[in-house]
Amino acid sequence: MDNIVELKQIFKTYITGELQVPVLKGIDAEVERGEFVGFIGSSGSGKSTLLNILGMLDVPTSGEYRLENIEVSRLSDYEQSEIRNRKIGFIFQSFNLFPHLTIEQNIEVPMIYARVSARKRRQRALELARQVGLGHRLGHRPTQLSGGECQRVAIARALSNNPAFILADEPTGNLDEKTSDEIMKLFHRLNDDDGVTIVMVTHNPSLGPHYDKIIRLRDGRIDPTPFEWERIPS
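Residues numbered from 1 in each chain as written. Predicted model: local features only at pLDDT ≥ 70, side-chain atom pairs only at ≥ 80, totals over all residues. Heavy atoms only, no water.

S.K.: Help me understand the pairing of strand β8 (residues 198-202) in this model?
M.R.: Side-chain positions along a regular strand alternate between the two faces of the sheet. For β8, the tally of buried residues reaches five of five residues, placing the bulk of the element in the interior. Alignment of strand β3 (residues 36-40) against β8, held across five bridges, turns out to be parallel. Looking across to β8, one finds that Ile 40 is bridged to Thr 202. With four bridges joining them, strand β7 (residues 165-169) and β8 adopt parallel strand pairing. From the neighbouring strand, Leu 167 faces β8, where its bridge partner is Val 199. Between the parallel elements β7 and β8, the chain passes through helix α6 (residues 177-194) in a crossover that is right-handed. (Buried < 20%, exposed > 50% of the residue type's maximum accessible area, 1.4 Å probe, protein only. Helix = DSSP H or I, 4+ residues; strand = E, 2+ residues; numbered from the N terminus. Pairing = 2+ DSSP bridges. Right-handed = clockwise from strand over helix to strand, strands pointing away.)

Spelled out as structure tokens, the structure:
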């Protein structure tokens with residue numbers, strides 16, 4: 001078994017004054033290379049906290065998070081930032097593109113932090129823009145694109161450093177149904193054809209049929225109840 005992500009007894013408690021607020025209460029989960037995994041939970045289930053821990057934007061109160069067999073909590077802040085940039089590709093609900101940069105420049109941003117040469121950045125940006133169907137829009141800026149096109153740019157940017165996995169936070173939350181379907185088809189193409197490992201965090205149970213594996217969160221724990229949904233028409 002080739003696990004990219006391993007979570008063992010992850011607890012997270014926030015402390016406000018004398019008040020302790022437990023949010024995650026012993027999460028055990030694994031993501032194998034090449035899987036398309038959905039972490040599904042309603043508001044208050046702990047999914048946002050888990051997203052931050054998976055993205056190394058927060059640390060658990062206790063437990064172990066291994067990314068490609070590296071125990072990330074033992075790394076220095078600098079080492080964590082390096083691992084985060086090289087091994088995790090982020091996709092956000094609100095795209096988080098830089099409006100003053102072109103599409104090509106937005107795709108290049110993670111590669112700049114990874115100290116990739118300008119020539120290789122441009123080559124990679126063009127390759128990825130074509131991969132998501134935007135090779136003809138490299139000189140445009142986000143304000144000149146539709147929401148679906150902006151999310152495609154965000155997907156290309158997330159892939160720029162060939163990360164271990166893509167971490168997508170409600171990536172269709174700001175899109176209409178037709179555009180959402182197009183983005184999910186793109187995720188499937190990346191996963192099925194290119195073997196990209198995808199971890200998607202969402203509150204939307206209707207996305208259930210898209211995933212190879214569903215991990216449902218409820219009140220800070222994994223809910224073992226079998227997940228039921230309406231199958232996608234063939």
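S.K.: I keep staring at the side chain of Arg 137 and nothing clicks. Help me out?
M.R.: One can find Arg 137 in the loop between α4 (118-131) and α5 (147-159). Residue classification places Arg 137 among the buried positions, given a relative accessible area of 14%. At a separation of 2.9 Å, a polar atom in the side chain of Arg 137 contacts the side chain of Glu 149. In this structure Arg 137 touches Ile 103, Gln 144, Leu 145 and Glu 149, once residues within four positions along its chain are discounted. (Polar contact = N/O pair within 3.5 Å; in protein donor to acceptor, adjacent residues only side chain to side chain. Contact = heavy atoms within 4.5 Å.)

S.K.: What exactly am I supposed to notice about the sheet that holds strand β2 (residues 19-32) here?
M.R.: Pairing between sheet strands relies on hydrogen bonds along the backbone, with the strands arranged either parallel or antiparallel. Pairing is antiparallel across the open sheet formed by four strands, whose spatial order is β2-β1-β4-β5. Of all the strands in the sheet, just β2 and β5 (70-71) have a single pairing partner and so form its edges. Here 11 bridges tie strand β1 (residues 3-16) to β2, and the two strands are oriented antiparallel to one another. Looking across to β2, one finds that Glu 6 is bridged to Glu 30. Across the sheet, helix α1 (residues 47-54) touches β1, β2 and β4 (62-67), and the angle it forms with β1 is around 120°. (Axes fitted to C-alpha atoms, helices over the stretch in contact; angles between N-to-C directions.)

S.K.: Which parts of the structure should I look at to understand the side chain of Lys 12?
M.R.: Position of Lys 12 relative to the elements: it lies in strand β1. For Lys 12, a relative accessible area of 9% gives the class buried. Side chain to side chain, Lys 12 and Asp 58 meet in a polar contact 3.2 Å long. In contact with Lys 12, other than residues within four places in its own chain, are Val 21, Pro 22, Val 23, Leu 24, Thr 49, Ile 53, Asp 58, Val 59, Pro 60 and Thr 61.

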